[in-house]
Amino acid sequence: MDELLGTVSVVGGGVIGLSIAWRAARAGWTVTVYDPSPGAGASWVAGGMLAPLSEGWPGEEHVLELGAASLARWPAFGAELLGETGLDLFTSTASLTVALDAADAADLRTIAEWVSAQGHEMRVLGRAEVRELEPSLGPRIRLGLLAPDELAVDNRVLVDALRRAAAGAGVTFVDEPVRDVTQLDADRVVLAAGAASARLWPGLPVRPVKGEILRLRTRPGAAPAPHRTVRGSVHGRPAYLVPRADGLVVGATQYEADDTQVTVAGVRDLIADAETLFPAIGEYELYEASAGLRPVSPDNLPLIGRLSERVIAATGHGRNGVLLTPVTADAVVAELADEPLAVAKYADPQRFTEE
């Protein structure tokens, strides 16, 4: 560890706040995390997909650039956590996006062409090739898009690993809410409170968007789950299946709402859409349905950077909080050192206030 640099208060103990605390402590800062229930918010409900390439779309160059930069950091980031905690995070080493109709197939070809032009590997697969890779998928699938470099992690193992690593680096945890970040007496304050960030910094353009997920366990005699993360659009609704050691995570609904109650309609749609992608899902045990609040910004880019001389934002990650964890930690630690990370420049929170 370097010479101590000063004190940092991190407000928020999700994967973003925990990763920043861990990396800042290792860099030489004295760090305190404030959260009444670390890791219990959106980080606990996430699917854990690391899929910036599959979600690429023409015109969203900055979103792709930031996501790809974070994906490239994930193997080393995961290896560091494995070395410090003994916890292996990764559950999938590729993702497969599938199309059920001609319009979706056309979209996949558009994504493949555009993302490949940005220098990333994407492979369009015909029906037979999809079947060869994942024979348990449904018969309606007509085309696939394989991203061999995309990963998935178990989000709950990630929360555990980050908390252990942070504690091992000397981070202090205060299980109390913060109501006014300006009253914290640290040299620097990092606002990483997810969907609650706007309450702590009025005017910050972050809003809560509700998402529901299901967790399924394999039962004796059930067909094996897909080995890769599988994504698709069913009746216009995005759906995904993410492998876990004991089954699958199925997600995710999206509502402009700020409650975390699981709805009957949400569960119905998730099961129906998942069954279209993976017909054998009916054999699995449904053991959890839960909801979280994604912190969403107006332009799908997070807010990473200074809000004032002392306060740094690390919020607004939307559906990509787990994906963007490594690059956000690097960007905030660089900001603490007054050496901003170039790849994070488009996430500057001042972009919404500049003329």
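Keep in mind that what you see is a predicted model, and the values were worked out from it rather than measured. Every chain is numbered on its own, with residues counted from 1 as its sequence reads. Reporting of local features is limited, given that this is a predicted model, to residues whose pLDDT is at least 70; pairs of side-chain atoms are given and counted only at 80 or more, and all residues count toward the totals for whole chains, interfaces and linings. Each side-chain value is worked out from all heavy atoms of the structure, with water and hydrogens disregarded.

Asks: Looking at this structure, how should I read unusual backbone geometry?
Replies: The omega torsion of the bond from Gly251 to Ala252 falls at -20°, within 30 degrees of zero and hence cis. Only DSSP runs of H or I with at least four residues qualify as helices, and only runs of E with at least two residues qualify as strands; both kinds are numbered from the N terminus onward. For Ala252, the location among the structural elements is in the loop between strand S14 (247-251) and helix H8 (264-277). Of note, Asn300 is a non-glycine position whose phi angle comes to about 70°, a positive value.

Asks: Can you help me understand the sheet that holds strand S4 (residues 90-92) in this one?
Replies: Sheet strands pair by backbone hydrogen bonding; their relative direction is either parallel or antiparallel. The rule for pairing is simple: two strands pair if DSSP sees at least two bridges between them. In spatial order, the strands read S3-S8-S4; together these 3 strands make up an open sheet with antiparallel pairing. Either end of the sheet is taken by a strand with one partner, and the two such strands are strand S3 (49-50) and S4. Sheet topology note: the S4/strand S8 (residues 151-153) ladder contains 2 bridges and is antiparallel. Its bridge partner being in S8, Ser92 is matched across the sheet by Ala152.

Asks: Looking at this structure, how should I read the pattern of salt bridges?
Replies: If charged atoms from side chains of opposite charge come close, those side chains can pair. Counted as salt bridges are all cases of a side-chain nitrogen of Lys or Arg within 4 Å of a carboxyl oxygen of Asp or Glu. For the coordinates displayed, the defined rule picks out 21 salt bridges. Close ionic contact of Glu288 with Arg156 constitutes a salt bridge, the shortest N to O distance being 2.6 Å. You can see Glu288 sitting in strand S15 (residues 285-296) and its partner Arg156 sitting in helix H6 (residues 155-168), a full 132 residues away along the chain. The salt bridge involving Asp273 is made with Arg237; its shortest N-O contact spans 2.7 Å. Highlighted residues: Asp273 in helix H8 and Arg237 in strand S13 (residues 237-244), separated in sequence by 36 residues. For each residue, the accessible area found with a 1.4 Å probe, counting protein chains only, is set against the maximum for its type, and the residue is called buried under 20%, exposed over 50%, and partly exposed in between. With a relative accessible area of 4%, Asp273 lands in the buried category.

Asks: I'm lost on the nonpolar core in this one. Help?
Replies: Formed by 66 residues in total, the largest nonpolar core has its most connected members in Val10, Val31, Trp74, Leu81 and Leu158. Take this core: its biggest share by element is 9 residues, from helix H1 (residues 15-27). Lining this core are residues from two domains, each supplying at least three of them: domain 1 (6-85 + 154-206 + 298-347) and domain 2 (95-148 + 208-296). Residue contacts follow a heavy-atom distance rule, with two residues in contact if any of their heavy atoms lie within 4.5 Å. Excluding its chain neighbours within four sequence positions, the residues that come into contact with Leu81 are Trp22, Gly86, Leu87, Leu89, Leu158, Ala161, Leu162 and Ala165. Throughout, nonpolar core names a set of buried Ala, Val, Leu, Ile, Met, Phe, Trp, Tyr and Cys residues whose side chains join them through atoms within 4.5 Å. Core analysis: the next-biggest nonpolar cluster, separate from the first, contains 27 residues, Leu96, Leu216, Ala225 and Leu270 among them. What marks off one domain from the next here is an automatic or database domain assignment.

Asks: I keep staring at the packing of H1 against helix H3 (residues 61-85) and nothing clicks. Help me out?
Replies: The angle between the axes and the distance between the axes are what describe a pair of packed helices. Convention adopted: a line fitted to C-alpha atoms gives each axis, helices being fitted over their contacting stretch, and angles between N-to-C directions are expressed from 0 to 180 degrees. Two numbers describe how H1 lies on H3: the axes approach to 13 Å, and their chain directions differ by 75°. Between H1 and H3, the interaxial angle falls into the category roughly perpendicular. Of H3, the residues touching H1 (which contributes Ser19, Trp22, Arg23 and Arg26) are Phe77, Glu80, Leu81 and Glu84. Residue composition of the contact of H1 with H3, grouped by class: 3 nonpolar, 1 polar and 4 charged. Convention used here: angles under 35 degrees read as roughly parallel, angles over 145 as roughly antiparallel, angles from 65 to 115 as roughly perpendicular, and any remaining angle as oblique. Gly falls in the polar group here, along with every residue not listed as nonpolar (Ala, Val, Leu, Ile, Met, Phe, Trp, Tyr, Cys, Pro) or charged (Asp, Glu, Lys, Arg).

Asks: Looking at this structure, I do not really get H6. What am I missing?
Replies: Because an α-helix packs 3.6 residues into every turn, residues spaced three or four apart end up facing the same way. In this analysis, the expected span of each helix is defined as 1.5 Å times one less than the number of residues it contains. Over its 14 residues, H6 runs 20 Å from end to end, which matches the ideal 20 Å to within 8%, given 1.5 Å per residue. Two to three positions downstream of the cap, the backbone nitrogen of Arg156 sits 3.0 Å from a side-chain oxygen, assigning the N-cap of H6 to Asp154. A positive backbone phi angle near 100° is found at Gly170, which sits one or two residues after H6. Any N or O atom pair separated by 3.5 Å or less is treated as a polar contact, with the protein-specific requirement of one donor-capable and one acceptor-capable atom, and with residues adjacent in sequence counted only for side-chain atom pairs.

Asks: Would you take a moment to explain the UniProt feature "domain: FAD dependent oxidoreductase" (unreviewed entry) in the chain for this structure?
Replies: UniProt positions are given in the numbering used here, feature names are shortened, and annotations may be inferred rather than shown by experiment. Those places that UniProt annotates as "domain: FAD dependent oxidoreductase" (unreviewed entry) correspond, in this numbering, to residues 8-333. As annotated, residues 8-333 has a helix share of 33% and a strand share of 28%, and its two end C-alpha atoms lie 10 Å apart.

Asks: Honestly, the sheet that holds strand S17 (residues 311-315) in this entry has me stumped. Any pointers?
Replies: The 6 strands are arranged S9-S2-S1-S10-S17-S16 in an open sheet whose pairing can be described as mixed. At either end of the open sheet lies a strand with only one pairing partner, and these are strand S9 (172-174) and strand S16 (303-306). Across the sheet, the axes of successive neighbouring strands diverge by a mean angle of 20°, strand direction being ignored. Alignment of strand S2 (residues 29-34) against S9, held across 3 bridges, turns out to be parallel. Following the sheet pairing, Val33 is matched in S9 by Phe173.

Asks: When you look at the packing of aromatic side chains in this model, what are you seeing that I'm missing?
Replies: The description of two aromatic rings rests on the distance between their centres and on the angle between their planes. Ring geometry is summarised as follows: Phe, Tyr and Trp rings, the Trp one being its six-membered ring, pair when their centres sit within 6.5 Å, and such pairs are stacked at plane angles under 30 degrees, edge-to-face over 60 and tilted between the two. Using the criterion set out here, one finds 4 aromatic pairs in the structure. Plain terms: the ring middles of Trp22 and Phe77 are 5.5 Å apart, the flat faces sit at 70° to each other, and that makes the pair edge-to-face. In this pair, Trp22 is assigned in helix H1 and Phe77 in helix H3, connecting sequence segments 55 residues apart. Exposure remark for Trp22: the relative accessible area of 0% places this residue in the buried category. Between Trp74 and Phe90, the aromatic rings sit 6.1 Å apart at their centres with planes inclined by 80°, giving edge-to-face as the arrangement. Taken as a pair, Trp74 in helix H3 and Phe90 in strand S4 lie far apart in primary sequence, 16 residues in all. Taken together, the aromatic side chains of Trp22, Trp74, Phe77 and Phe90 make up a single cluster linked through ring pairs. Counted as over-ring charges are cases with an Arg CZ or a Lys NZ within 6 Å of the ring centre that also lie within 35 degrees of the ring normal. Over the ring of Phe173 we find Arg163; its NZ or CZ atom is 4.2 Å from the centre of that ring.

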